[in-house]
Amino acid sequence: MTVPVGLPGLTDKTVVVTGALGGQGVAQTLVLLASGAHVVATDLASSITDDLTAAAEGLPGTLLYQQLDVGSIDDWARVADFTLPLGLTGLVNNAGIPLRARLGDIHLDDWDRVMRINLTGPMLGIQALAPQLREGSSIVNVGSLAALNAHHTVAYTASKWGLRGLTHVAATEFGGRGIRTNIVHPGYVETAMMAAAPEIMAETQRALTPLGRTAQPAEVAAVVAFLLSDLSSYINGAEIPIDGGFSSSGGVKYMSDTIRRSQGQS
Ligand SMILES: NC(=O)c1ccc[n+]([C@@H]2O[C@H](COP(=O)([O-])OP(=O)(O)OC[C@H]3O[C@@H](n4cnc5c(N)ncnc54)[C@H](O)[C@@H]3O)[C@@H](O)[C@H]2O)c1
């Protein structure tokens, strides 16, 4: 694991991270700890992994762990009780699951499961923790490039589009209390989530991405940490693609590359 680089403006922050044992959750937790923040890592597992504990050793921040299924209102109530004395200043709604079924094939149970974890989960988290967030707090939702286009994974795509709506409502609702809410949209990030994806997906993604490569979890985590920090104190209700230029290019890279090749240029 690479040593995370810390950011300024986070030493007085206490942040709940969901899905903290996954690829991006680990990277977010470590960059926050490296920045001197206090992290309440949460995930489905009953206890923290030895890997994360070891990686966190020696970093200036403090690390706590709570089991949490983001789709469970009871779990959120328990986490809220746990964080109440800590003086919470941040929430990262990072937990999420993929589902690659297409529109013609999706079963209702699967659709409901994806919505519960990817969309209802963040809503429950905000509902449970917002009352205790202090002025200057920040909520970061982890969306997806799929929330900016028509990615064929219909339930996943629709859940992440919904998360955009939740983000804008929260930004408006809590702005008056000095609480900011923003959403990041990662492109293809090298984590366990994508390990099961067909290789052609990574290939196509690279072909359509102006930077010509996929992302590392730390490249998303740094932006999440920035949004949690006071450095981003006037950013509220923003959507930030972290996709190597994929959404900006809007498929034009493919056309441009094809034309160039047809003209015998490399
Ligand atoms: N990897 C990518 O290419 C990519 C791209 C865009 C967006 N995202 C989003 O980034 C976020 C993090 O994904 P990742 O790439 O780290 O994937 P990951 O599979 O490595 O991690 C996901 C984590 O979420 C946890 N989780 C799953 N269901 C949960 C539940 N009900 N309650 C609590 N935790 C639960 C898992 O245990 C896991 O630790 C997700 O929201 C995902 O949709 C990922």
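Residues numbered from 1 in each chain as written. Predicted model: local features only at pLDDT ≥ 70, side-chain atom pairs only at ≥ 80, totals over all residues. Heavy atoms only, no water.

Caption draft 1: Seen up close, the packing of aromatic side chains. For the structure on display, the rule yields zero aromatic pairs. Above the ring of W161, the side-chain terminus of R164 is found at 4.9 Å from the ring centroid. (Phe/Tyr/Trp six-rings, centres within 6.5 Å; stacked < 30°, edge-to-face > 60°. Lys NZ or Arg CZ within 6 Å of the ring centre and 35° of its normal.)

Caption draft 2: Main features of the sheet that holds strand β1 (residues 14-17). Spatially, the seven strands line up as an open sheet ordered β3-β2-β1-β4-β5-β6-β7, and their pairing is parallel. In the strand order of this sheet, the two ends are held by β3 (63-67) and β7 (239-242), each with one partner. Within this sheet the neighbouring strands show an average axis-to-axis angle of 20°, counted without direction. When β1 meets strand β2 (residues 38-43), the two strands line up parallel, connected through four bridges. Counterpart to T14 in the pairing with β2 is H38. Contacting β1, β2, β3, β4 (90-93), β5 (138-142) and β6 (180-186), helix α1 (residues 23-34) crosses the sheet at an angle of about 170° to β1. (Pairing = 2+ DSSP bridges. Helix = DSSP H or I, 4+ residues; strand = E, 2+ residues; numbered from the N terminus. Axes fitted to C-alpha atoms, helices over the stretch in contact; angles between N-to-C directions. Contact = heavy atoms within 4.5 Å.)

Caption draft 3: Molecular detail of the packing of helix α4 (residues 108-129) against helix α5 (residues 154-174). Look at α4 against α5: their axes get within 9 Å of each other, and the N-to-C directions meet at 15°. One way to sum up the angle between α4 and α5 is to call them roughly parallel. As for the relative orientation of α4 and α5, their crossing is right-handed in sense. Facing α4, whose interface residues are W111, V114, M115, N118, L119, P122, M123 and I126, α5 presents V154, A155, Y156, A158, S159, K160, G162, L163, L166, A170 and F174. Classifying every residue of the contact of α4 with α5 gives 15 nonpolar, three polar and one charged. (Parallel < 35°, antiparallel > 145°, perpendicular 65-115°, else oblique. Left-handed = near helix turned anticlockwise from the far one by under 90°. Nonpolar A, V, L, I, M, F, W, Y, C, P; charged D, E, K, R; others polar.)

Caption draft 4: Expanded view of the site of the ligand. Near the ligand lie 28 residues; those nearest to it are D43, N94, Y156, V189 and T191. Taking Y156, its side chain carries an N or O atom lying 2.7 Å from an oxygen atom of the ligand. Measuring from an oxygen atom of the ligand, one finds a backbone N or O atom of G187 at 3.4 Å. For the ligand, whose accessible area on its own is 830 Å², the fraction buried by protein is 90%. Placement of the ligand is best described as lying within the largest pocket. Elements represented by at least two residues in the shell around the ligand include exactly α1, α5 and α6 (192-195). (Near = heavy atom within 4 Å. Polar contact = N/O pair within 3.5 Å; in protein donor to acceptor, adjacent residues only side chain to side chain. Areas by Shrake-Rupley, 256 points an atom, 1.4 Å probe, with all protein chains shown as cover. 1 Å grid on protein atoms, 1.4 Å probe; cavity = no way out; pocket = protein on both sides within 12 Å on 5 of 7 lines; lining within 4 Å. Sits in = over half its atoms within 2 Å of the grid points.)

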